[in-house]
Amino acid sequence: MIDQTILTSFLRRINQRYLRLEQTTTPPLPTPQSGRQYLMYVHIPFCEILCPYCSFHRIPLHVPTAKAYFQALREEIKRYHELGFDFVDVYIGGGTPTVLPEELLATVQLIRSLYSIKQLSVETNPNHLRDDIMDILQECGVNRLSVGIQSFADHLLQEMDRYHKYGSGEEIKARLIAARNRFHTLNADMIFNLPHQTIASLLKDIAILKEVQVDQVTFYPLMTSKAAQQAMTEQMGQVTFKRERAYYRTIVAGLAPDYQPSSAWCFSRQETMIDEYIVDHPEYVGIGSGAFGYLNGRTYANTFSIPQYIAAVTAGGLGINAQRQYTRYQQLQYDFMMGLFGLSLAKSELEKKYGRGFARMLWKELLAMKWLGAIKEDEQYYHLTDKGMYYWVVMMREFFIGVNNFRDQMRNQLMG
Ligand SMILES: C[S@@+](CC[C@H](N)C(=O)[O-])C[C@H]1O[C@@H](n2cnc3c(N)ncnc32)[C@H](O)[C@@H]1O
Ligand code: SF4
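Next up on the list: the packing of helix 12 (residues 328–341) against helix 13 (residues 347–354). Where helix 12 meets helix 13, the axes come as close as 11 Å, and the angle between the chain directions of the two elements is 160 degrees. Classed by the angle they form, the pair helix 12 and helix 13 counts as roughly antiparallel. Helix 12 and helix 13 meet at a crossing whose hand is right-handed. The residues of helix 13 that touch helix 12, namely those facing Arg-328, Gln-331, Leu-332 and Asp-335, are Leu-350, Lys-353 and Tyr-354. For the contact of helix 12 with helix 13, the per-class residue count stands at three nonpolar, one polar and three charged.

Turning our attention to the environment of Asp-408. Relative to the assigned elements, Asp-408 resides in helix 16 (residues 386–415). According to the relative accessible area criterion, Asp-408 is buried, its value standing at 8%. C-alpha of Asp-408 to C-alpha of Gln-323: the two residues are 85 residues apart in sequence and 16 Å apart in space. In this structure Asp-408 touches Ser-225, Lys-226 and Ala-227, once residues within four positions along its chain are discounted.

To continue, consider the site of ligand 1. Around ligand 1, a shell composed of 18 residues is seen, among which Tyr-53, Gly-95, Gly-148, Gln-150 and Met-223 lie nearest. At a separation of 2.9 Å, a nitrogen atom of ligand 1 approaches a polar backbone atom of Gly-95. Contributing elements (two or more residues each) for the shell around ligand 1: strand 6 (119–124), strand 7 (144–150), strand 8 (185–192) and strand 9 (216–221). Split into classes, the residues belonging to the shell around ligand 1 amount to eight nonpolar, seven polar and three charged.

The next subject is the site of ligand 2. Taken together, Cys-47, Leu-50, Cys-51, Tyr-53, Cys-54, Arg-58, Gly-95, Asn-125, Arg-162 and Tyr-166 form the complete shell of residues around ligand 2. Looking at the shell around ligand 2 residue by residue, the class counts come to six nonpolar, two polar and two charged.

Moving on to unusual backbone geometry. A cis amide bond, omega 20 degrees, links Gly-94 with the succeeding residue Gly-95. In this structure, Pro-257 follows Ala-256 across a cis peptide bond, with omega equal to 0 degrees. Within the secondary structure layout, Pro-257 lies in the loop between helix 10 (244–255) and strand 10 (260–261).

Our focus in this paragraph is helix 12. In a regular helix each residue adds 1.5 Å, so 14 residues correspond to 20 Å; helix 12 covers 20 Å between its end C-alpha atoms and thus fits that length. Of all 14 residues in helix 12, 12 are buried; the element is thus mostly enclosed. Every buried residue belonging to helix 12 is among Gln-330, Gln-331, Leu-332, Gln-333, Tyr-334, Asp-335, Phe-336, Met-337, Met-338, Gly-339, Leu-340 and Phe-341, and all of these are buried. Note on helix 12: the residue one or two positions beyond its end, Leu-343, has a positive phi of about 85 degrees.

Cut-offs applied
- Residues numbered from 1 in each chain as written.
- Chains lettered and ligands numbered in written order.
- Predicted model: local features only at pLDDT ≥ 70, side-chain atom pairs only at ≥ 80, totals over all residues.
- Heavy atoms only, no water.
- Axes fitted to C-alpha atoms, helices over the stretch in contact; angles between N-to-C directions.
- Helix = DSSP H or I, 4+ residues; strand = E, 2+ residues; numbered from the N terminus.
- Parallel < 35°, antiparallel > 145°, perpendicular 65-115°, else oblique.
- Left-handed = near helix turned anticlockwise from the far one by under 90°.
- Contact = heavy atoms within 4.5 Å.
- Nonpolar A, V, L, I, M, F, W, Y, C, P; charged D, E, K, R; others polar.
- Buried < 20%, exposed > 50% of the residue type's maximum accessible area, 1.4 Å probe, protein only.
- Near = heavy atom within 4 Å.
- Polar contact = N/O pair within 3.5 Å; in protein donor to acceptor, adjacent residues only side chain to side chain.
- Expected span 1.5 Å × (residues − 1).

Pasting the structure below:
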């Protein structure tokens, strides 16, 4: 089996090339394809405390700023309606979307007044699994609630600075039990390969998840970014990817048979559970500061400056300040990676978009993946093998680290 370090360094080189966006004050306007329904991603960057490992776009909660921000979000949502977009699925992520539940409700109500939304997914933290907040989330019509747990081990929660604000392992477990059955899909976000995590503590986490019977578990491999590295090492210990594969195997085996993989790192109790949307929606619009969108082979990034974002949308514009158009070949590579992240990919999907010659365009990738034993194919589909699932975890880990490094770069520019 190929060593993950070889794959990692290869992927890092590719990412450096692909994740270079051009900054622009006059980006090409996003345009919808006629009759197409999109996913809307909405970003809420505020958190009550900032975790040392996290490289998402997040800042400490300041209530007046957050209120002005939600107001601006609603302006940007209206703007995409004016541009002719139609949305069916909404994902509200962060940061912590539930920091101001009433503002969240007003935003969801606006979205529902403009579009016929089928599925709404919202991220939150365990301290917000309170009756009053969950009532509001139900009023919002949340179908999938995703709760950030990371681990139930108190010493790890302490190292991650989450113990005091978000609760001990026991408290989190009790809150999850109270939240069960209130939403169609209750997802627990976990992290594996934390520096002081052991196989024993991982197995204990898995046992608790099974006991609580959450509907879905997303197990992210620990991702590092250049900027978070130092704080992470100081507070949580030295990161190494050497144990990652063994930990991943422990998760896949430990969650079975109760939970089956629905993507390389998401595991569901039933097939009907709502999954992460990136697999079903390769194209999406990003709303809010620091949000990304991917439309017609072009990546868009909204400004990471909250004041700039509020000013831009209040003046009648969008938050976009960086973009990059990809070639057809690059788009095909992206669709191949994201499609197989969901475990299988219909050849007809690629053929519809890229024509019959798609396999010729992708011959190097197909050959390499088959040689590695990562994929197999039948007449209609490409499938990820058990071996391939871990390679895809490495691939997605590196992709997201690349995105995190881009976020760091954007924030540095604002500070500089
Ligand atoms: C960005 S947070 C947003 C929702 C919420 N604030 C929370 O903490 O869950 C969503 C999830 O991303 C994952 N995450 C954040 N930083 C990560 C990192 N450096 N490596 C792996 N997963 C990470 C965590 O599992 C986290 O729960
Ligand atoms: S992990 Fe969640 S709570 Fe922690 S800083 Fe990141 S977004 Fe905020």
